[in-house]
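A closer look at the structure
Now for the letters of each chain:
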Amino acid sequence: SAVISQKPSRDICQRGTSLTIQCQVDSQVTMMFWYRQQPGQSLTLIATANQGSEATYESGFVIDKFPISRPNLTFSTLTVSNMSPEDSSIYLCSVLTGEQYFGPGTRLTVT
Amino acid sequence: TQLLEQSPQFLSIQEGENLTVYCNSSSVFSSLQWYRQEPGEGPVLLVTVVTGGEVKKLKRLTFQFGDARKDSSLHITAAQPGDTGLYLCAGEPNSGYALNFGKGTSLLVTP
């Protein structure tokens with residue numbers, strides 16, 4: 001298993017600003033994922049972030065809007081850029097260590 | 001993306017009742033996971049089923065993977081208020097690692 005923490009746990013941001021979400025894992029993992037969960041909805045994969053390579057984005061998500069860093073095997077960041085109210089969601093990081101485990105999420109509200 | 005359909009979407013029952021949640025797809029998955037998510041938390045892995053026809057039990061929860069590995073069910077016996085939450089099924093495709101999530105079943109168990 002893996003223990004995952006995220007910062008911040010929640011934030012309220014103004015339209016047009018950017019927020020960087022941090023994800024810290026208690027062990028070294030190769031595969032890390034970022035998901036979005038809009039209110040009342042299921043999880044949608046934003047991108048796969050493997051250490052040592054560029055993040056791979058899913059259809060509908062682009063690097064300019066959601067830049068990702070993966071500097072080492074225990075840490076990653078996701079930035080939500082030039083935010084609009086439609087970006088209000090829970091953002092979750094996840095790691096694959098045999099099975100897939102999730103962080104507690106970052107609840108973002110854009111006003 | 002391989003779609004997973006969950007039913008029912010919402011379920012409200014009284015303590016002590018039994019229930020079944022279904023997860024169906026037209027695609028074959030190499031494995032299927034069930035998660036439970038409580039408000040303000042990330043999804044927590046309950047079980048992974050891998051073999052067609054496999055049945056796994058976790059206390060009052062029984063999970064079954066369809067013979068063709070396209071569908072799964074979760075049965076809860078004698079539901080308790082602590083079972084309240086969002087139940088998500090997620091399939092691991094035959095190629096790739098990122099999970100495909102169903103839309104979830106929101107369960108409310110009242111005393």
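Let me begin by describing the structure that accompanies this report. Quick caveat, the model's predicted, so the values are computed rather than measured.

Reading guide: rules and limits
- Residues numbered from 1 in each chain as written.
- Chains lettered and ligands numbered in written order.
- Predicted model: local features only at pLDDT ≥ 70, side-chain atom pairs only at ≥ 80, totals over all residues.
- Heavy atoms only, no water.
- Helix = DSSP H or I, 4+ residues; strand = E, 2+ residues; numbered from the N terminus.
- Contact = heavy atoms within 4.5 Å.
- 1 Å grid on protein atoms, 1.4 Å probe; cavity = no way out; pocket = protein on both sides within 12 Å on 5 of 7 lines; lining within 4 Å.
- Points joined across faces, edges and corners; volume = space filled by probe spheres on them.
- Nonpolar A, V, L, I, M, F, W, Y, C, P; charged D, E, K, R; others polar.
- Pairing = 2+ DSSP bridges.
- Axes fitted to C-alpha atoms, helices over the stretch in contact; angles between N-to-C directions.
- Buried < 20%, exposed > 50% of the residue type's maximum accessible area, 1.4 Å probe, protein only.
- Polar contact = N/O pair within 3.5 Å; in protein donor to acceptor, adjacent residues only side chain to side chain.
- Core = buried A, V, L, I, M, F, W, Y, C linked by side-chain atoms within 4.5 Å.
- Disulfide = S-S within 2.5 Å.

**Quick look at the environment of R15 of chain A**
Residues and elements named next belong to chain A. Looking at the element boundaries, R15 is found in the loop between β2 (10-13) and β3 (19-25). Along the sequence, R15 and S89 sit 74 residues apart, while their C-alpha atoms lie 14 Å from each other. Contact partners of R15, with chain neighbours within four places excluded, come to M83, S84, P85, V110 and T111.

**A few points about the layout of surface pockets**
By volume, the second largest pocket amounts to about 430 Å³. Q37, P39, G40 and Q41 of chain A together with L86 of chain B are, among the 23 residues lining the second largest pocket, the residues nearest its centre. Ranked by residue count, the leading element in the lining of the second largest pocket is strand β11 (residues 106-110) of chain A, at three residues. Class assignment for the residues of the lining of the second largest pocket results in six nonpolar, 13 polar and four charged.

**Things to note about the sheet that holds strand β1 (residues 4-7) of chain A**
All names here are of chain A. Strand order in this open sheet of four strands is β1-β3-β8-β7, and the pairing throughout is antiparallel. Edge strands, defined here as strands with exactly one partner in the open sheet, are β1 and β7 (68-72). Strand after strand, the sheet turns through a mean of 15° between neighbouring axes, direction not considered. Relative to β3, β1 runs antiparallel, the two being bridged by four bridges. Bridging from a neighbouring strand, I4 pairs with V25 of β3.

**A look at the pairing of strand β3 (residues 19-24) of chain B**
Residue and element names in this part refer to chain B. Judged by which residues are buried, β3 turns out to be one-sided: L19, V21 and C23 face inward and are buried, whereas T20, Y22 and N24, on the alternate face, are not. Of the strand pairs in this sheet, strand β1 (residues 5-7) and β3 are connected by three bridges, and their pairing is antiparallel. Note on β3: the bridge partner recorded for E5 is N24. Examined bridge by bridge, β3 and strand β8 (residues 71-76) share six bridges and lie antiparallel to one another. Across the sheet, the residue bridging to Y22 is S73, located in β8.

**Comments concerning the side chain of S76 of chain A**
Here S76 of chain A lies in strand β8 (residues 75-80). A distance of 2.8 Å separates a polar side-chain atom of S76 of chain A from the backbone oxygen of S69 of chain A.

**Describing the nonpolar core**
Of all hydrophobic cores here, the largest spans 42 residues; its most connected members are Y35 of chain A together with F101 of chain B. Listing elements by their share of this core, those giving two or more residues are β3, β4 (31-37), β5 (43-50), β8, β9 (89-97), β10 (99-102) and β11 of chain A together with β9 (85-93) of chain B. Within the second largest apolar cluster, 20 residues are counted, among which are C23, W34, L74 and Y87 of chain B.

**Brief notes about the state of the cysteines**
Residue and element names in this part refer to chain A. The full count for this structure, using the stated rule, is two disulfides over all chains. Disulfide partner of C23: C93, at an S-S distance of 2.0 Å. Note on the C23 and C93 pair: the S-S dihedral is about 70°, so by sign convention the disulfide is right-handed. Of this pair, C23 sits in strand β3 while C93 sits in strand β9, and the two are 70 residues apart along the sequence. Residue classification places C23 among the buried residues on the basis of a relative accessible area of 0%. The thiol of C13 is unpaired, and the distance to the nearest cysteine sulfur, on C93, comes to 17 Å. Its relative accessible area of 9% is what places C13 among the buried residues.

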